[in-house]
Amino acid sequence: MTDKKAEKITGLDLMREPFEAHLVSKLPKQTKWMTEAKKEYKNCKICGGYHHPQAVHLDYVGHAALTHRLLDCDPEWSWKPVALDERGLPLLDANGGMWIGLTVCGVTRLGYGYPDAKKGKGGDAIKEIIGDALRNAAMRFGAALDLWHKGDLHNAQLEADKREPEPADKREPEPADKPVAKKSAPKPDYVIQAEKVIKQIKGCTDIRVLEKIWLDFKDVRESIKVANTKTHDYLEGKYSKEIAKLKQNDEKEAA
Ligand SMILES: [Zn+2]
């Protein structure tokens, strides 16, 4: 940090400082149909990878960068699981996730992490749960909030994996009020944000996951509301529809 004002920021305020560009990584995420459409792959100028041009890029701060930030804010920062099993080890919940308390500068906030279904149940999965929970809890302190706005890596991949491929001719026609701008014009930020929220909530198969994603996007939704109420209403409608769908499924299963 070069500017003098930034040098003075410490403690909890420092948690909210944006991460420098070189600490932010770009990760392309594509849905199943994109993954399968290999003929359409192109070299990507954004991440330098080779993938479908419609893939979404998620910005994220890796574990090392986040740990650095925590240490800069409070060398004595710590975390601990909310619940322990009979052996004194962190207790995972029924979803295989873990709640933690993250303490920075004497303030403790809760965070929740859960494993990537594809990575099984080994030691790597546990490390991932911890990393995910730390990112989630750190967000409650405002860490990398601007990046979280753009999407949670984890959820994006889970949801992208669950989504069914759609035949090209059956892809939903876009209504005029849909928050998607014409390709020639640069999209306003609130549209990009809204698209990312929709991308994550669409096709979600677990009501609790859906609710968590929705909650995680609270600040984003507020900013969208400020920017454009119509887009915000559209987003709320999408969410209600997804919730209704899942509730209907639950009732069907219970019957
Ligand atoms: Zn890319």
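Residues numbered from 1 in each chain as written. Predicted model: local features only at pLDDT ≥ 70, side-chain atom pairs only at ≥ 80, totals over all residues.

**What to know about helix α4 (residues 63-73)**
Inspection of α4 places Arg69, Leu70 and Cys73 among the buried residues, and these make up the whole buried set. Viewed along the axis of α4, the buried residues span an arc of 100 degrees, placing them on a single side of the element. Exposed and oriented more than 90 degrees from the buried face of α4 are Ala64 and Leu71. Those residues of α4 that are buried are in contact with α2 (11-15) and β6 (98-104). (Buried ≥ 20, exposed ≤ 12 C-beta atoms within 10 Å, placed from the backbone. Helix = DSSP H or I, 4+ residues; strand = E, 2+ residues; numbered from the N terminus. Arc of directions from axis to C-beta. Contact = placed C-beta atoms within 7 Å.)

**Section: the sheet that holds β6**
In spatial order, the strands read β5-β6-β7; together these three strands make up an open sheet with antiparallel pairing. Each of the sheet's edge strands pairs with one partner strand only, and the pair in question is β5 (78-81) and β7 (107-113). Between one strand and the next, the sheet's axes are offset by a mean angle of 25 degrees, whatever the strand orientation. As defined by bridge partners, β5 adjoins β6 across four bridges and the pair is classed as antiparallel. Of the residues in β6, the one forming a bridge with tryptophan 79 is leucine 102. Strands in contact with helix α5 (residues 123-140) are β5, β6 and β7; relative to β7, the strand with the most contacts, it is inclined by about 135 degrees. (Pairing = 2+ DSSP bridges. Axes fitted to C-alpha atoms, helices over the stretch in contact; angles between N-to-C directions.)

**Some thoughts on helix α8 (residues 189-201)**
Look at α8: 19 Å from first C-alpha to last across 13 residues, which is about the 18 Å you get at 1.5 Å a residue. Turning to α8, its buried residues are Gln193, Ala194, Val197, Gln200 and Ile201. What you see down the axis of α8 is that its buried residues fit within an arc of 130 degrees, all on one side. In the stretch just after α8, glycine 203 is the one whose phi turns positive, near 75 degrees. (Expected span 1.5 Å × (residues − 1).)

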